[in-house]
Amino acid sequence: MKKVILGIGILFLLNYSIAIGQETGCDNKVSTHIELRKDTLLLGEPAFFEYVINNDSDEPIFVEEGGDYRSGRKISFSVFIISADNDTLKIRELWGAMGGLIGFNEVMPRQSRKFKLFLPMWGGIEKPGKYRLVASKKFRIAPENPFLKEDYSKVQVVPKESTTSFIVIDDNERLGEFIEHLVTEIKNETKGRSTYQSTNERTYEHSRIVAEIADERIVPFLVESFREKKHMERAKVIRLLSKFSSNDIAFETLKYVAQGTENSKCFVSEDSINVVWSSGNIRQTAIQGIVKRNDEKAVEYLTAKKDDGYPCERYVILIRAKLFMSESNRIRIYNAFLSDKNQAVRRKAKEEYEKMKKE
């Protein structure tokens, strides 16, 4: 209850500051611009950019930062990627806004502060061409740190917007070179450790870039990382390999994990199954990746799991099949599990089969 009251109090102070803070004139003290690390990108190359706020005055200012990053992108920013045809690319959906720590950082006179943003989080570029990047944010700025005196009366909301442009070219050979160079840098940086064990900012960036690459030439690195238990966190590697389940090397690794000793977490009884979804559950993640493959090899493997001692995984297969598999492959899976020894699996197979017939 105290936390709720505290939260309401903070919201009141923040809203109060919008009205009162207009007297500080911070809007005349700052400007913004976008910094691209390069103005030409390869199609399929994930990239970071910086949104920069400049203190153009002769006095220090304090800029609020944080509270917006735990969902995968900094949601206090608005960023749009616009094609040469004036089409705004669709922004990726988020699973939820989780917030994060908040603080006010000092920006000295004639200095600036950079906010790092990840381009793929704001739109998927699928074809070459010229693009316009528009970024904006309602900055919260104060002449002194309001946290120190718990006085928010001088905080001002200052909306700013900047734009720039860049070019995307389709060059498959250069993209391969980019991936090769990226892998080399990660191996040099981690020196056999996992990236999540490092606080190196460049290593963090590389980890996020790898997660967005859709080119199969990254698969050997992912498989090596998993097999040798280095470079990247194993759970993340399996999640990434699940994107490439149509690749035979990735598929064999997923099968290896899916039949390993790590069991999927769930609560099983004769007539009910409650699956515990966890990003760290690599066996469950591997099985979902196999479902995505949606071909004869995948169906043969999945149907062979009938009565294999892991009913919760068969339950997962039934749930995921309708999302990724063709009707003919779904029928084969449903039929295989209609006579399952677990009642909950049998019931789910029948339920999904009946739903499919009505689609």
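Everything quoted here is computed from the prediction, not taken from an experiment. (Residues numbered from 1 in each chain as written. Predicted model: local features only at pLDDT ≥ 70, side-chain atom pairs only at ≥ 80, totals over all residues. Heavy atoms only, no water.)

Draft legend 1. Local environment of the overall build of the chain. For the chain, the count of helices and strands is 12 helices and 11 strands. The buried share of the chain, reckoned over its 359 residues, is 44%. Contacts in the chain between residues far apart in sequence, at least 24 positions, make up 74% of those at least 6 positions apart. Accessible surface for the chain amounts to roughly 19000 Å². Of this, 50% is attributable to carbon and sulfur atoms. (Helix = DSSP H or I, 4+ residues; strand = E, 2+ residues; numbered from the N terminus. Buried < 20%, exposed > 50% of the residue type's maximum accessible area, 1.4 Å probe, protein only. Contact = heavy atoms within 4.5 Å. Areas by Shrake-Rupley, 256 points an atom, 1.4 Å probe, with all protein chains shown as cover.)

Draft legend 2. Quick peek at helix α3 (residues 172-190). The end-to-end C-alpha distance of α3 is 27 Å, a good match for the 27 Å that 19 residues give at a rise of 1.5 Å each. Inspection of α3 places Leu 175, Gly 176, Phe 178, Ile 179, Leu 182, Val 183, Ile 186 and Thr 190 among the buried residues, and these make up the whole buried set. Taken around the axis of α3, the buried residues stretch over an arc of 155 degrees, which confines them to a single face. Exposed and facing more than 90 degrees away from the buried side of α3 are Glu 173 and Glu 180. Of the surrounding elements, those touching the buried residues of α3 are β2 (40-42), α4 (201-212) and α5 (219-228). Two to three positions downstream of the cap, the backbone nitrogen of Glu 173 sits 3.3 Å from a side-chain oxygen, assigning the N-cap of α3 to Asp 171. Count one or two residues on from α3 and you reach Lys 191, which has phi positive near 50 degrees. (Expected span 1.5 Å × (residues − 1). Arc of directions from axis to C-beta. Polar contact = N/O pair within 3.5 Å; in protein donor to acceptor, adjacent residues only side chain to side chain.)

Draft legend 3. Quick peek at the pairing of strand β5 (residues 77-83). Extensive coverage of β5 is indicated by the burial of five of its seven residues. As paired strands, β5 and strand β8 (residues 129-142) are joined by seven bridges and run antiparallel to one another. Paired with Phe 80 across the strands is Val 134, a residue of β8. (Pairing = 2+ DSSP bridges.)

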